[in-house]
Amino acid sequence: MKPLLIVLSGLPFSGKSTLAKDLATALDLPVVSYDNDIYAKHKHEVPNGASAAEEFEVVQAIARRYIAEKLMAGESFIYDDLGLQKEERESIRKIAENSGARYILLFLDTPVSIIEQRRKDNDRSNIRGHIKDEKMSLNISLLEKPDSDEQAIVVHPEMSLNHIITVIRSLD
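This text gives an overview of the structure that appears in the document.

## Observations regarding the overall build of the chain
Part 1: Each helix and strand counted, the chain has 7 helices and 5 strands in total.
Part 2: Moving toward the C terminus, one meets the helices and strands of the chain in the order β-α-β-α-α-β-α-β-α-α-β-α.
Part 3: Taking 2.2 N^0.38 as the reference for a compact globule, 172 residues should give roughly 16 Å; the C-alpha atoms of the chain span a radius of gyration of 16 Å, in line with that estimate.
Part 4: The principal-axis extents of the C-alpha atoms in the chain amount to approximately 45 × 40 × 30 Å.
Part 5: Counting only residues that meet the buried cut, the chain has 38% of its 172 residues in that class.
Part 6: Of all intrachain contacts in the chain linking residues separated by at least 6 positions in sequence, the fraction that spans at least 24 positions is 77%.

Dropping the structure here:
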């Protein structure tokens, strides 16, 4: 059976990590988190003095190699990353295709008003890291929602986990 790569894409605080954990439990798949499994472990490999853009490119290249290695080893998993731009998502889709893996893109289309409320709630609870307003504004400006050729499953906050799983399983 072909390995399966489920990619979660969307703005910070859109619900990607929560959905990834829920899907992992329901589908019995591990989660690979860009923040925790890639960036946190490899940011030291970025050359000193590198710009934010250079840092992004270095760590993204590491992430792409990691994804390719896991898929070539026949491993299925859920990948939790922002994937804000089509080029990023297309790069991962091509890795899956070249690895003989099935690729499913879930785009979390959470309204900015809900995201802002979640950020405020997080500032009070401090459950996860704070994202500065400037960084959030940059992420919003970089967001390219998937177009029809990406065949993304668009996930809205009101969708149930069971519905999302039904849609994923219908693609088999």
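And the narrative resumes.
## Let's talk about the pairing of strand β3 (residues 77-80)
Consecutive side chains along a regular strand alternate between the two faces of the sheet.
Part 1: Going residue by residue along β3, you find Phe77 and Tyr79 tucked away on one face and Ile78 and Asp80 tucked away on the opposite face as well.
Part 2: In the sheet, strand β1 (residues 4-9) pairs with β3 via 4 bridges, with the strands oriented parallel. When the sheet's bridge partners are listed, valine 7 is paired in β3 with tyrosine 79.
Part 3: Bridge count for strand β2 (residues 31-33) against β3 is 3 bridges, and the pairing is parallel. Each residue of the ladder has a partner; that of serine 33, found in β3, is aspartate 80.

## Some details on the packing of aromatic side chains
Between two aromatic rings, the relevant description is the distance of the centres plus the angle of the planes.
Part 1: Across all of its chains, the model carries 1 aromatic pair by this definition.
Part 2: A cation over a ring is seen here: lysine 70 above phenylalanine 77, with NZ or CZ 5.5 Å from the ring centre.

## Here's the deal with the pattern of salt bridges
Part 1: Under the defined criterion, the tally for this structure stands at 9 salt bridges.
Part 2: A salt bridge links aspartate 147 to lysine 86; its shortest N-O distance comes to 3.1 Å. Here the residue aspartate 147 occupies a position in the loop between α6 (133-142) and β5 (153-155), and lysine 86 occupies one in helix α4 (residues 86-98), the gap between them amounting to 61 residues.
Part 3: For lysine 86, a relative accessible area of 25% translates into the label partly exposed.
Part 4: We note a salt bridge from arginine 119 to glutamate 116, for which the minimum N-O separation is 3.0 Å. One end of the pair is arginine 119 and the other is glutamate 116, both in helix α5 (residues 112-125) and 3 residues apart, which spans about a single turn.
Part 5: The class of arginine 119 is buried, set by a relative accessible area of 5%.

## A closer look at the sheet that holds β3
Part 1: Taken in spatial order, the 5 strands of this open sheet run β2-β3-β1-β4-β5, and their pairing is parallel. In this open sheet, the two strands that pair with only one neighbour each are β2 and β5. For this sheet, the mean inter-axis angle between neighbouring strands, taken without regard to orientation, is 25°.
Part 2: Strand contacts of helix α3 (residues 52-72): β1, β2 and β3, with the helix running at about 170° to β3, the strand carrying the most contacts.

The rules behind these values
Residues numbered from 1 in each chain as written. Predicted model: local features only at pLDDT ≥ 70, side-chain atom pairs only at ≥ 80, totals over all residues. Heavy atoms only, no water. Helix = DSSP H or I, 4+ residues; strand = E, 2+ residues; numbered from the N terminus. Rg over C-alpha atoms; globule rule 2.2 N^0.38 Å. Buried < 20%, exposed > 50% of the residue type's maximum accessible area, 1.4 Å probe, protein only. Contact = heavy atoms within 4.5 Å. Pairing = 2+ DSSP bridges. Phe/Tyr/Trp six-rings, centres within 6.5 Å; stacked < 30°, edge-to-face > 60°. Lys NZ or Arg CZ within 6 Å of the ring centre and 35° of its normal. Salt bridge = Lys/Arg side-chain N within 4 Å of Asp/Glu carboxyl O. Axes fitted to C-alpha atoms, helices over the stretch in contact; angles between N-to-C directions.

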